[in-house]
Amino acid sequence: MPNFEQDLTETEPPTPVGGGNTLGSDGVSEPTELITGQRTPASAAARMLELAAVTADTLVTDARKEAESLVTGAQARADAILEDSRTEADQVAAELARTKQEQAADLDRERASARAELGEEKAALEAQIATLREMERHHRSQMRQQLTEHLSMLDATLPEPLAGFAD
């Protein structure tokens, strides 16, 4: 750090920069900065202030760049997460649709199988009903025949009714 209290005898005589005065922005003549071998406390403070401003600007610029980089990285990660989520959601939806189709196909097969079993059972029951009806007709026919035979036998074995009982 510069020593501001150095002896003035060690300084070199001031040398004007640019040969003297310059015109300011308002058109008024302003003295030019003198270059000396030794900096004065005011010029050292100004230089330090200038360095601080440059450092601050650099730090702000670096911070903005880092912030932009972080935002860009975060946005890229967010986009990647969103894309992954959408891809996973599409896969889950496709899997769900496939599972639904498989379940519907399984249900259709089970229905068809149940209908076929019921159809077979119905046919078996109808055949059994037909057999039972045939057996019923046959038994009725046999009973009629036996009753007719018994009545005929009764008619043949019974004596003629007596004349006295007849009226």
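Residues numbered from 1 in each chain as written. Predicted model: local features only at pLDDT ≥ 70, side-chain atom pairs only at ≥ 80, totals over all residues. Heavy atoms only, no water.

Asker: Help me understand the overall build of the protein, please; the structure alone is not making it clear to me.
Answerer: Each helix and strand counted, the protein has one helix and four strands in total. Secondary structure of the protein in N-to-C order comes out as β-β-β-β-α. Taking all 167 residues of the protein together, the buried fraction comes to 2%. Within the protein, contacts between residues separated by at least 24 positions form 24% of all contacts whose residues are at least 6 apart in sequence. Here the protein displays about 14,900 Å² of accessible surface, and carbon together with sulfur accounts for 59% of that area. (Helix = DSSP H or I, 4+ residues; strand = E, 2+ residues; numbered from the N terminus. Buried < 20%, exposed > 50% of the residue type's maximum accessible area, 1.4 Å probe, protein only. Contact = heavy atoms within 4.5 Å. Areas by Shrake-Rupley, 256 points an atom, 1.4 Å probe, with all protein chains shown as cover.)

Asker: Help me understand the pattern of salt bridges in this model?
Answerer: Two side chains bearing opposite charge may form a pair once their charged atoms approach each other closely. A complete count under the given rule lists seven salt bridges for this structure. Here E102 ties to R98 by a salt bridge, and the two come within 2.3 Å at their closest N and O atoms. With E102 and R98 both in helix α1 (residues 41-157) and four residues apart, this pair spans about one turn of that helix. Judged by relative accessible area, which is 39%, E102 ranks as partly exposed. Where R109 meets D106, a salt bridge forms, and the shortest distance between an N and an O atom there is 2.0 Å. On the criterion of helical spacing, the pair formed by R109 and D106 is a turn pair, its members being three residues apart in helix α1. With relative accessibility at 34%, the residue D106 sits in the partly exposed group. (Salt bridge = Lys/Arg side-chain N within 4 Å of Asp/Glu carboxyl O.)

Asker: It is not clear to me how the confidence of the model for the protein should be interpreted in this structure. Could you clarify?
Answerer: Regions with low pLDDT should not have their predicted coordinates read in detail. Averaged over all residues, the pLDDT of the protein equals 81, while 71% of them reach at least 70. Strand β1 (residues 15-16) is the least confidently modelled element of the protein, averaging 44 in pLDDT, while α1 averages 94, the highest of any element. A low-confidence stretch, residues 1-23 stays under pLDDT 50, and its non-local contacts, those more than four residues away or across chains, total 32 contacts. Below pLDDT 50 for its whole length, residues 28-36 participates in 26 contacts with residues either more than four positions away or in separate chains. (pLDDT = per-residue confidence, 0-100.)

Asker: I keep staring at the environment of T55 and nothing clicks. Help me out?
Answerer: You can see T55 is positioned in helix α1. Look at T55 and you get partly exposed, because its relative accessible area is 42%. A polar side-chain atom of T55 sits 2.7 Å from the main-chain carbonyl oxygen of L51. (Polar contact = N/O pair within 3.5 Å; in protein donor to acceptor, adjacent residues only side chain to side chain.)

Asker: Explain a negative patch on the surface here, please?
Answerer: Together, D79, E83, D84, E88 and D90 make up a negatively charged patch on the protein surface. Note on placement: D84 falls in helix α1. (Patch = residues over 30% accessible without salt bridge, like charges linked within 9 Å, V, L, I, M, F, W, Y side chains within 5 Å. Lys, Arg positive; Asp, Glu negative; His and termini not counted. Charge placed at Lys NZ, Arg CZ, Asp CG, Glu CD.)

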